[in-house]
Amino acid sequence: MPVYVLTGANRGLGLEFVRQLSADSSNTVIGAVRSMSNDLTDLKSLNKNNNIHILECDTGDASSITSFVEACGNTLSGKKIDYLLNNSGINAVPEQDSLSISEGDMNEHIKINVLGPAKTTEGFHKADLLASDVKVLNMTSGLGSMKVSIGIKPRKCTTYSISKAALNMLTIHQGEELRKKLQGAVVISMDPGWVKTRMGGEGALIEAHESISGMLKVLHGLKKEDTASFWTYTGEQVPW
Ligand SMILES: NC(=O)c1ccc[n+]([C@@H]2O[C@H](COP(=O)([O-])OP(=O)(O)OC[C@H]3O[C@@H](n4cnc5c(N)ncnc54)[C@H](OP(=O)(O)O)[C@@H]3O)[C@@H](O)[C@H]2O)c1
């Protein structure tokens, strides 16, 4: 009876994760949303197996993350988290380039795309809610890879790319440090592909169901030695 926890569950990739995971009634799925006052109709409509718990977590707000961790502990009543998917993220200023970075926008991207996943994983670890063989997925992007980015001309989404590169570095550090605390823990970065969501846009290459089923296959096939690695939804490793 695996327990999955994911952030950004109300739309896009997060919503599709919940759709696919909740179809198996033996799964417990905790879907976090930025605000309970958002329109959650799509997410609520998925709860056919009564195995989805919707909780609030603004991953750009440390106190919200603390409350979320506490609420998860109450919801799970003794069960541990087998899969933690740090999915929520923003790409709010794609037009900014490296010569026009706004300090406020950069701080916002680092807060949500890097500090959010860092503090969420840290919070669950401190609350002793992670299973000893937990799999943590940090949702990154090909744009967070140095090797991939150097081949993209013209460069794009500078602020976002920098934040996802920083997230990748978080994966490298968490991938070793969490393992010291939890024997079987595996932390990875994941590139979901270019997907038709609000962020990916209509011109994107793949549908959310294809990306999510690919990512779940990768996640379920991870071995202990895969900690601190970077994958695509198609199951290939990405160069950092
Ligand atoms: N789509 C792609 O092609 C693509 C490619 C590479 C990587 N990614 C990554 O995949 C992840 C999901 O992207 P998506 O395509 O599903 O994007 P999306 O459609 O824009 O959805 C983003 C999700 O993140 C949530 N979110 C944003 N800021 C948040 C915050 N402060 N607290 C809590 N939740 C927050 C949003 O909640 P609200 O509804 O409340 O805003 C929404 O649920 C992101 O990390 C993104 O960078 C996507």
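Coordinates for the structure precede this section.
The structure displayed is predicted, hence computed values, not measured ones. (Residues numbered from 1 in each chain as written. Predicted model: local features only at pLDDT ≥ 70, side-chain atom pairs only at ≥ 80, totals over all residues. Heavy atoms only, no water.)

Quick word on the overall build of the protein
Part 1 of the reasoning: Secondary structure summary: the protein contains seven helices and seven strands in total.
Part 2 of the reasoning: Each helix and strand of the protein, placed in order from N terminus to C terminus, yields the pattern β-α-β-α-β-α-β-α-β-α-α-β-α-β.
Part 3 of the reasoning: A globule of 240 residues ought to have a C-alpha radius of gyration of about 18 Å, and the protein, at 17 Å, matches this closely.
Part 4 of the reasoning: Counting only C-alpha atoms, the protein reaches 50 × 40 × 35 Å along its principal axes.
Part 5 of the reasoning: The 240 residues of the protein split such that 50% are buried.
Part 6 of the reasoning: Taking contacts inside the protein between residues at least 6 apart in sequence as the whole, the part at least 24 apart equals 69%.
Part 7 of the reasoning: Carbon and sulfur atoms make up 52% of the accessible area of the protein, which totals about 11400 Å².
Part 8 of the reasoning: The positive charge centre, built from 24 side chains, and the negative charge centre, built from 26, are 4 Å apart in the protein. (Helix = DSSP H or I, 4+ residues; strand = E, 2+ residues; numbered from the N terminus. Rg over C-alpha atoms; globule rule 2.2 N^0.38 Å. Buried < 20%, exposed > 50% of the residue type's maximum accessible area, 1.4 Å probe, protein only. Contact = heavy atoms within 4.5 Å. Areas by Shrake-Rupley, 256 points an atom, 1.4 Å probe, with all protein chains shown as cover. Lys, Arg positive; Asp, Glu negative; His and termini not counted. Charge placed at Lys NZ, Arg CZ, Asp CG, Glu CD.)

Comments concerning helix α4 (residues 103-126)
Part 1 of the reasoning: Roughly 40° is the biggest bend found in α4, and it falls at L115, with proline P117 one to four residues downstream.
Part 2 of the reasoning: Along α4, the residues that are buried comprise M106, H109, I112, N113, V114, G116, P117, A118, T120, T121 and F124.
Part 3 of the reasoning: For α4, the secondary structure elements touched by its buried residues are β1 (3-6), α3 (62-76), β4 (81-86), β5 (130-139) and α6 (158-181).
Part 4 of the reasoning: Remark: D128 follows α4 within two positions and exhibits a positive phi of approximately 55°. (Bend = angle between axes of the 7 residues up to and from the residue.)

Some details on the packing of α3 against α4
Part 1 of the reasoning: Two elements in contact, α3 and α4, have axes whose closest approach is 10 Å; the angle formed by their N-to-C orientations is 35°. Handedness of the α3/α4 crossing: right-handed. Along its contact with α3, which presents I65, F68, V69 and C72, the element α4 presents G116, K119, T120, G123 and F124. (Axes fitted to C-alpha atoms, helices over the stretch in contact; angles between N-to-C directions. Left-handed = near helix turned anticlockwise from the far one by under 90°.)

Some details on the pairing of β1
Part 1 of the reasoning: Of the two faces of β1, the one lined by V3 and V5 and the one lined by Y4 and L6 are each fully buried.
Part 2 of the reasoning: Two strands pair when backbone bridges link them, and β1 and strand β2 (residues 28-33) are joined in this way by four bridges, in the parallel orientation. Residue pairing for β2: V3 is matched across the bridge by T28.
Part 3 of the reasoning: Crossover connection from β1 via helix α1 (residues 12-22) to parallel β2: handedness right-handed.
Part 4 of the reasoning: Taken together, the three bridges between β1 and β4 define a ladder with parallel strand orientation. Bridged to V5 within β4 is L84. (Pairing = 2+ DSSP bridges. Right-handed = clockwise from strand over helix to strand, strands pointing away.)

Details of the packing of aromatic side chains
Part 1 of the reasoning: Taken as a whole and assessed by the stated rule, the structure comprises three aromatic pairs.
Part 2 of the reasoning: Between Y4 and Y83, the aromatic rings sit 4.5 Å apart at their centres with planes inclined by 10°, giving stacked as the arrangement. Here Y4, found in strand β1, pairs with Y83, found in strand β4; they are 79 residues apart in sequence, far enough to count as distant.
Part 3 of the reasoning: For Y83, a relative accessible area of 13% gives the class buried.
Part 4 of the reasoning: Between F68 and F124, the ring centres sit 5.6 Å apart and the planes meet at 75°, which makes this aromatic pair edge-to-face. Note that F68 is positioned in helix α3 and F124 in helix α4, a separation of 56 residues in sequence.
Part 5 of the reasoning: The class for F68 is buried, based on a relative accessible area of 1%.
Part 6 of the reasoning: On the basis of relative accessible area, F124 is assigned to the buried category, the value being 0%.
Part 7 of the reasoning: The lysine or arginine in question, K156, covers the ring of W194, its NZ or CZ lying 5.6 Å from the ring centre. (Phe/Tyr/Trp six-rings, centres within 6.5 Å; stacked < 30°, edge-to-face > 60°. Lys NZ or Arg CZ within 6 Å of the ring centre and 35° of its normal.)

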